[in-house]
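For reference, the chains in residue letters:
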Amino acid sequence: MDLSQALDDTLKSTLSEAYRLIKRGVTDRRNAMHTPSVATLGLDGRPRIRTVVLRDFDEGAGTLRFHSDRRSEKVSELARDPRIGVHFYDEAAKVQLRIDGSAAIHCEGIVADAAWIASQRMSRVCYGTDPAPGSVIERADAFHLPNLDPE
């Protein structure tokens, strides 16, 4: 085997392993890859980083999906500038994955509807808090959760 073939095999196997790790993060909530950090450019131009929950990974399309409250600054930031960075880190395995890309926001339509339907009830509650995420509150109890009674 020549050097170029060895490098190609190594790159293919590395990418395959990265995909395997990300896929596991979608389904295993205890896996470190389940909660990556995402970086956006704030409305003031400064970098902003938050932890999100990985909801889907489509290897063929090269897409990751996470949910966010449409009222969040993150959504406003990505609407203005869709450039995004995603950082996965598994401390136990000593594996770090960094991905740069372009975000698409789906607040309505087939993608949003399917995600909402597939969400657990408690997850849906998170998108009904008052005030909106990131709002300054004066007291620890100065927010409201929607009714948690069964549907």
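I will try to describe carefully the structure that is included in this document.

**Considerations on the overall build of the protein**
1) Next: The helix and strand tally for the protein stands at 4 helices and 6 strands.
2) Next: Listed N to C, the secondary structure of the protein is α-β-β-β-β-α-β-β-α-α in terms of helices and strands.
3) Next: Counting the 151 residues in the protein, one finds 23% classified as buried.
4) Next: Contacts in the protein between residues far apart in sequence, at least 24 positions, make up 47% of those at least 6 positions apart.
5) Next: Carbon and sulfur atoms make up 53% of the accessible area of the protein, which amounts to about 10700 Å² in all.

**Describing the nonpolar core**
1) Next: Core analysis: the largest hydrophobic core is formed by 13 residues, its most contacted members being I22, M33, V38, F88 and L97.
2) Next: Only α1 (3–27), β3 (54–58) and β5 (83–90) provide two or more residues apiece to this core.
3) Next: Excluding residues within four positions of it along the chain, M33 makes contact with L21, G25, L54, F88, Y89, D90, V95 and L97.

**Quick look at the sheet that holds strand β2 (residues 47–51)**
1) Next: In space, the 4 strands of this open sheet follow the order β2-β1-β5-β6, with antiparallel pairing throughout. One side of each edge strand has no neighbouring strand; the edge strands of this open sheet are β2 and β6 (95–102). Going from strand to strand, the sheet's axes swing by 20 degrees on average, the running direction of each strand aside.
2) Next: Where strand β1 (residues 37–41) lies against β5, 3 bridges are found, and the strand directions are antiparallel. Paired with A39 across the two strands is G85, which belongs to β5.

**Details of unusual backbone geometry**
1) Next: In this structure, K94 is a non-glycine residue whose phi angle is positive, near 60 degrees.
2) Next: Of note, K94 is situated in the loop between β5 and β6.

**Re the side chain of S72**
1) Next: Checked against the element boundaries, S72 lands in the loop between β4 (63–66) and α2 (73–80).
2) Next: Judged by relative accessible area, S72 falls into the buried class, the value being 7%.
3) Next: A polar side-chain atom of S72 sits 2.9 Å from the main-chain carbonyl oxygen of D69.

**Brief notes about the environment of S68**
1) Next: Relative to the helices and strands, S68 resides in the loop between β4 and α2.
2) Next: When its relative accessible area of 25% is taken as the criterion, S68 is described as partly exposed.
3) Next: The sequence separation of S68 and V52 amounts to 16 residues, and the corresponding C-alpha distance is 8.1 Å.
4) Next: Within the structure, S68 has its side chain in polar contact with the side chain of K74 (distance 2.9 Å).

**Some thoughts on α2**
1) Next: The complete set of buried residues in α2 reads K74, V75, E77 and L78. Projected down its long axis, α2 carries its buried residues within an arc of 160 degrees, all on one side.
2) Next: Looking at the packing, one finds that the buried side of α2 touches β1, β2, β4 and β5.

**Considering the environment of Y19**
1) Next: Its place among the elements puts Y19 in helix α1.
2) Next: Note: C-alpha distance between Y19 and E59 (40 residues apart in sequence) is 7.0 Å.
3) Next: Every residue in contact with Y19, bar those within four places of it in the chain, is listed here: F57 and E59.

So, how was this worked out
- Residues numbered from 1 in each chain as written.
- Predicted model: local features only at pLDDT ≥ 70, side-chain atom pairs only at ≥ 80, totals over all residues.
- Heavy atoms only, no water.
- Helix = DSSP H or I, 4+ residues; strand = E, 2+ residues; numbered from the N terminus.
- Buried < 20%, exposed > 50% of the residue type's maximum accessible area, 1.4 Å probe, protein only.
- Contact = heavy atoms within 4.5 Å.
- Areas by Shrake-Rupley, 256 points an atom, 1.4 Å probe, with all protein chains shown as cover.
- Core = buried A, V, L, I, M, F, W, Y, C linked by side-chain atoms within 4.5 Å.
- Pairing = 2+ DSSP bridges.
- Axes fitted to C-alpha atoms, helices over the stretch in contact; angles between N-to-C directions.
- Polar contact = N/O pair within 3.5 Å; in protein donor to acceptor, adjacent residues only side chain to side chain.
- Arc of directions from axis to C-beta.

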